[in-house]
Amino acid sequence: MPDLGFACRCGELRGVVADVAPADYTHIACHCADCRSAYTHLGLADPEKVEILQTAQDRIRITQGGENLRIMRLSPKGALRWYATCCDTPLFFTPTKARFVHVGVNADRLDDATEAGPVVAEAFIPAPDGKAGHKGMPKMVGKMLVRMAAKNLNGDWKDSPFFEADGTTPTVIPQVLTREERAAALMGVRRA
């Protein structure tokens with residue numbers, strides 16, 4: 001099975017999503033303010049939507065520049081948003097524990113995003129009435145649950161580059177954004 005290469009914007013941090021076939025991932029797009037504010041907090045433009053390659057953490061291999069990997073949390077109980085400090089590039093999204101196995105790789109960081117295939121699900125699509133809709137969610141959630149069950153049964157959840165052996169301690173200490181930092185990041189997100 002092929003590897004999908006990824007890198008931060010400056011190329012200091014590199015790695016691969018290893019041995020993946022289309023059954024091992026889901027290519028989605030998320031329009032939520034949290035995914036987008038991870039970009040604006042790091043000084044980047046609002047992408048309006050973030051394409052994400054959802055897969056399992058044991059597929060991720062950091063091959064260069066791992067010392068540049070850091071975590072931000074948008075709130076004290078928020079998910080872990082991993083980025084490269086060398087050039088402030090958002091890279092990954094993980095839950096707070098390795099047993100959940102999920103990782104979202106920001107598809108704009110893939111060496112060739114077309115290798116991920118088409119987007120099959122979209123979340124938080126803005127509507128004219130101010131509400132958000134979703135497309136393809138059953139497929140996305142179904143594949144995520146199947147990956148989670150399989151990795152927990154076979155023990156592969158322990159092979160995470162993001163967590164220590166206990167499965168709950170991230171490999172680096174997360175920085176929790178202050179309310180002011182979070183508000184500033186959200187100010188950079190355009191509303192539909």
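Anyway, here's the lowdown on the structure attached to this text.

Rules and cut-offs
- Residues numbered from 1 in each chain as written.
- Predicted model: local features only at pLDDT ≥ 70, side-chain atom pairs only at ≥ 80, totals over all residues.
- Heavy atoms only, no water.
- Salt bridge = Lys/Arg side-chain N within 4 Å of Asp/Glu carboxyl O.
- Helix = DSSP H or I, 4+ residues; strand = E, 2+ residues; numbered from the N terminus.
- Buried < 20%, exposed > 50% of the residue type's maximum accessible area, 1.4 Å probe, protein only.
- Phe/Tyr/Trp six-rings, centres within 6.5 Å; stacked < 30°, edge-to-face > 60°.
- Core = buried A, V, L, I, M, F, W, Y, C linked by side-chain atoms within 4.5 Å.
- Contact = heavy atoms within 4.5 Å.
- Pairing = 2+ DSSP bridges.
- Axes fitted to C-alpha atoms, helices over the stretch in contact; angles between N-to-C directions.

Things to note about the pattern of salt bridges
In step 1: In the structure shown here, the tally under the stated rule is seven salt bridges.
In step 2: Of the charged contacts in the structure, one is a salt bridge between Arg182 and Asp34, with a shortest N-O distance of 2.6 Å. Of this pair, Arg182 sits in helix H3 (residues 179-187) while Asp34 sits in helix H1 (residues 33-41), and the two are 148 residues apart along the sequence.
In step 3: Asp156 serves as the salt-bridge partner of Lys151, at 3.6 Å between the closest nitrogen and oxygen.
In step 4: Looking at Asp156, the relative accessible area reads 29%, which means it is partly exposed.
In step 5: One salt-bridge network, in which partners are shared between bridges, spans Asp58, Lys151 and Asp156.

Focus: the packing of aromatic side chains
For any two aromatic rings, the description comes down to two numbers: the centre-to-centre distance and the angle of the planes.
In step 1: Under the counting rule described, the total for this entry stands at three aromatic pairs.
In step 2: Taking the centre distance of 5.3 Å and the plane angle of 90° together, the rings of Phe6 and Phe92 count as edge-to-face. In this pair, Phe6 sits in strand S1 (residues 4-7) while Phe92 sits in strand S8 (residues 89-94), placing the two residues 86 residues apart along the sequence. With respect to burial, Phe6 and Phe92 carry one shared label: buried.

As for the nonpolar core
Among soluble globular proteins, nonpolar side chains are generally buried collectively.
In step 1: Counting residues in each nonpolar core, the largest one holds 27 residues, and the members touching the most others are Val17, Leu53, Ile60, Phe92, Leu110 and Phe162.
In step 2: Listing elements by their share of this core, those giving two or more residues are S1, strand S6 (69-73), strand S7 (80-84), S8 and strand S9 (102-106).
In step 3: Sorting elements by how many residues they give to this core places S7 first, with three residues.
In step 4: Those residues in contact with Phe162 that lie beyond four places of it in its chain are Gln57, Ile60, Leu69, Trp82, Phe92, Thr94, Val103, Thr169, Pro170 and Thr171.
In step 5: Grouped together as the second largest cluster of nonpolar side chains are twelve residues, Cys30, Cys32, Cys35 and Tyr39 included.

Re the sheet that holds strand S12 (residues 175-176)
In step 1: Spatial ordering of the open sheet is given by S11-S10-S3-S4-S9-S8-S7-S6-S12, a layout of nine strands whose pairing is mixed. Looking at which strands have only one partner, the edges of the open sheet turn out to be strand S11 (132-135) and S12.
In step 2: By the bridge criterion, two bridges tie S6 to S12 in an arrangement that is parallel. Directly across from Arg73, in S12, lies its bridge partner Val176.
In step 3: On the sheet, H1 packs against strand S3 (26-30), strand S4 (50-56), S6, S7, S8, S9 and S12 and is oriented at approximately 110° with respect to S4.
In step 4: Against the sheet, helix H2 (residues 137-154) contacts S3, S4, S9, strand S10 (121-126) and S11, and its axis sits at roughly 30° relative to S4.

Thoughts on H1
Each turn of an α-helix holds 3.6 residues, which means side chains three or four residues apart point in the same direction.
In step 1: All of the buried residues along H1 are Cys35, Arg36, Ser37, Ala38, Tyr39 and Thr40.
In step 2: Positive phi shows up at Gly43, right after H1, with a value of about 85°.

A word on the sheet that holds strand S5 (residues 60-64)
In step 1: Reading across the sheet, the three strands line up as S1-S2-S5 and stay open at both edges, with antiparallel pairing between neighbours. Sheet topology places S1 and S5 at the edges, where each strand pairs with a single neighbour. The average angle at which neighbouring strand axes cross in this sheet is 30°, direction not considered.
In step 2: Where strand S2 (residues 14-17) and S5 come together, four bridges link them in antiparallel fashion.

Brief notes about the pairing of S1
Two faces make up the sheet, and in a regular strand the side chains alternate between them.
In step 1: Residues Leu4 and Phe6 line one face of S1 and the alternating positions Gly5 and Ala7 line the opposite face, and both faces are buried.
In step 2: As paired elements, S1 and S2 share four bridges and run antiparallel to each other. For Ala7, the partnering residue across the bridge sits in S2 and is Arg14.
In step 3: Hairpin connection, S1 to S2: the antiparallel pair is bridged by six residues, and Gly11 has positive phi, about 85°.

Shape is all these values report; function is a separate question.
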